[in-house]
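Working through the structure, step by step
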Amino acid sequence: MSAQLGAFYMAEAENGDDATELRLIASYGYKKRKSVSNSFKAGEGLVGQALLERIPILVDTAPQDYVKITSGLGEGEAVNLIVLPVIFEDQVLAVIELGSFRKFSETHLTFLEQLMETIGVVLNTLIANMRTEELLEQSQSLTQELQSQSEELQARQEELSKSNKDLEDQAKSLKASEEMLQQQQEELQQTNEERQAKAADAQSQTRDVEIKTLR
């Protein structure tokens, strides 16, 4: 392509909205400048316009000081610029911008047009793979979380089972104590009845002795 400048803008949904924003994620021979944004919304600049119109935008003769191509030995002004949307199934996935000292030929333009289709297929595959990996990581994370919750629940159930067993043991001990107390009460009652009976016999015998004495 004989291009000395290149920038790759990736399409991203902004803050989870349907609106798409292009962000600079890679470049070739590009020197960042404070006055030039690294992100574009639809219709903003030529990059945003390519996103909006979904067609290549060619600048045959760039104005002076529009963009400079620099090296360690010097710098010069780019003559030709082209902004190309990368489309897959009617969706803009990215935008590529190229700059060159020389004008792009018809062969270059035809090649780029065909290349964008190939890049769209490859980029869509990469995005799908990344989403698959992300979903897999989320699935693994959820599985680990569920396993942790299951282990915690099992530990709580074991603790509850132990507490129930302790309560059952306490209930049995209490019941045994109640039965022992009841038995002691019955024995005490029986002893009292025997004592009362003996006391009654003693009283009867005393009365008999008194009667005999009086006679």
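Refer to the structure printed above.
Heads up: these notes are all about the structure in this document. (Residues numbered from 1 in each chain as written. Predicted model: local features only at pLDDT ≥ 70, side-chain atom pairs only at ≥ 80, totals over all residues. Heavy atoms only, no water.)

1. Let's talk about the packing of aromatic side chains
Enumeration according to the criterion identifies 1 aromatic pair in this entry. Seen in terms of ring centroids, Y9 and F40 are 5.7 Å apart; in terms of plane orientation they differ by 75 degrees. Their pairing is edge-to-face. Here F40 lies in strand β3 (residues 39-41) and Y9 lies in strand β1 (residues 5-13), a separation of 31 residues in the sequence. For the pair shown, Y9 and F40 are each scored as buried. (Phe/Tyr/Trp six-rings, centres within 6.5 Å; stacked < 30°, edge-to-face > 60°. Helix = DSSP H or I, 4+ residues; strand = E, 2+ residues; numbered from the N terminus. Buried < 20%, exposed > 50% of the residue type's maximum accessible area, 1.4 Å probe, protein only.)

2. Comments concerning unusual backbone geometry
One non-glycine residue, R54, adopts positive backbone phi at about 60 degrees. Checked against the element boundaries, R54 lands in the loop between α1 (45-53) and β4 (57-59). Of note in the backbone geometry, E89 takes a positive phi value of approximately 50 degrees without being a glycine. Along the chain, E89 falls in the loop between β7 (80-88) and β8 (91-100). Judged by its relative accessible area of 69%, E89 is exposed.

3. Some thoughts on the sheet that holds β3
The antiparallel open sheet is built from 6 strands, whose spatial order is β3-β2-β1-β8-β7-β4. In the strand order of this sheet, the two ends are held by β3 and β4, each with one partner. Between one strand axis and the next, the sheet turns by 20 degrees as a mean value, whatever way the strands run. Where strand β2 (residues 20-28) and β3 come together, 3 bridges link them in antiparallel fashion. Within the sheet, the bridge partner assigned to E21 lies in β3 and is K41. Against the sheet, α1 touches β1, β2, β3, β4, β7 and β8, its axis set at about 140 degrees to β8. Together, β1, β4, β7 and β8 form the strand contacts of helix α2 (residues 106-214), whose direction differs from that of β7 by roughly 40 degrees. (Pairing = 2+ DSSP bridges. Axes fitted to C-alpha atoms, helices over the stretch in contact; angles between N-to-C directions. Contact = heavy atoms within 4.5 Å.)

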